[in-house]
Amino acid sequence: MLKSRIPKQHQAGHALIEWSIVSLPLIWLGLLAIDVSGWHSTRQELALLAQQATLFASMTGGRTESVERHMKQHRSSRMRGEIRICVKDSVSQLIKEFKDRRLSQHLGQEVIRHDHIAEQHRRFVAKGWADGQGPRSGQSISAANFLRVSVTLQHQPVTPVIRFFMPTIAIASHHQAVMQSHRTQNPRACVTLNPL
């Protein structure tokens, strides 16, 4: 039987050192797993809320403030960070090309009509627009009635150790909906919700 050449009093701390070397990566992996699962569930919750807000906006003129109002009202404590909301469409340019004059006059504001799309398309083709696409925007009346929204959350990691290395993680979510109301001017393309 072989005997260790290291005296017993010198071996006393080796187990603790070995355990520390092995356990530190495991602790890091555990903390990372906690944050990854938190990030994933927050991302799903943000996507659901943003899609609902986009649908709400499609029924209320397609304005950024409609998305903002819905998200403010239904935002959970998990989404503590700053949220940036942008309507990606150039609405003022679309309104210049696709404004329904009679309906705009009746409503007292410039609007793009959301119904009778096929009839409107035929009218724009008859006007000489190739495939009914506006000369400046390059969009059709169908595209003008499509709301596109981008939402970005500055998510804070849950665990202090991960937060030390990554104070925030940007979670972006992109959504779209067919307009269910007449599209109106959008004074602010982007808004920011302050952190909770």
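The structure under discussion appears in the preceding block.
Now for a look at the structure at hand. All figures in this text were calculated on a predicted structure; none of them were measured in a lab.

1. Looking at the packing of aromatic side chains
Point 1. Summed over all chains, the structure comprises four aromatic pairs.
Point 2. Judged by centre distance (5.0 Å) and plane angle (90°), the rings of F98 and F124 are edge-to-face. Of this pair, F98 sits in helix α4 (residues 91-98) while F124 sits in helix α6 (residues 117-126), placing them 26 residues apart in sequence.
Point 3. Using a relative accessible area of 1% as the deciding quantity, one classes F98 as buried.
Point 4. A residue is classified by how much of its surface remains accessible, and F124, at 5% relative accessible area, is buried.
Point 5. Taken together, a centroid distance of 5.7 Å and an interplanar angle of 85° make the contact between F98 and W129 edge-to-face. In this pair, F98 sits in helix α4 while W129 sits in the loop between α6 and α7 (141-144), placing the two residues 31 residues apart along the sequence.
Point 6. The class for W129 is buried, based on a relative accessible area of 14%.
Point 7. Among the aromatic residues, ring-to-ring pairing joins F98, F124 and W129 into one connected group.
Point 8. The ring of F124 carries R123 above its face, with NZ or CZ at 5.6 Å from the centroid.

2. Things to note about the state of the cysteines
Point 1. Applying the stated rule across the entire model yields one disulfide.
Point 2. A sulfur-sulfur distance of 2.1 Å marks the disulfide that ties C86 to C190. Between C86 and C190, the disulfide has an S-S torsion of 115° and is therefore right-handed. Residue C86 is located in strand β1 (residues 83-87), and its partner C190 is located in strand β6 (residues 190-193); the two are separated by 104 residues in the primary sequence.
Point 3. According to the relative accessible area criterion, C86 is buried, its value standing at 10%.

Cut-offs applied
- Residues numbered from 1 in each chain as written.
- Predicted model: local features only at pLDDT ≥ 70, side-chain atom pairs only at ≥ 80, totals over all residues.
- Heavy atoms only, no water.
- Phe/Tyr/Trp six-rings, centres within 6.5 Å; stacked < 30°, edge-to-face > 60°.
- Helix = DSSP H or I, 4+ residues; strand = E, 2+ residues; numbered from the N terminus.
- Buried < 20%, exposed > 50% of the residue type's maximum accessible area, 1.4 Å probe, protein only.
- Lys NZ or Arg CZ within 6 Å of the ring centre and 35° of its normal.
- Disulfide = S-S within 2.5 Å.

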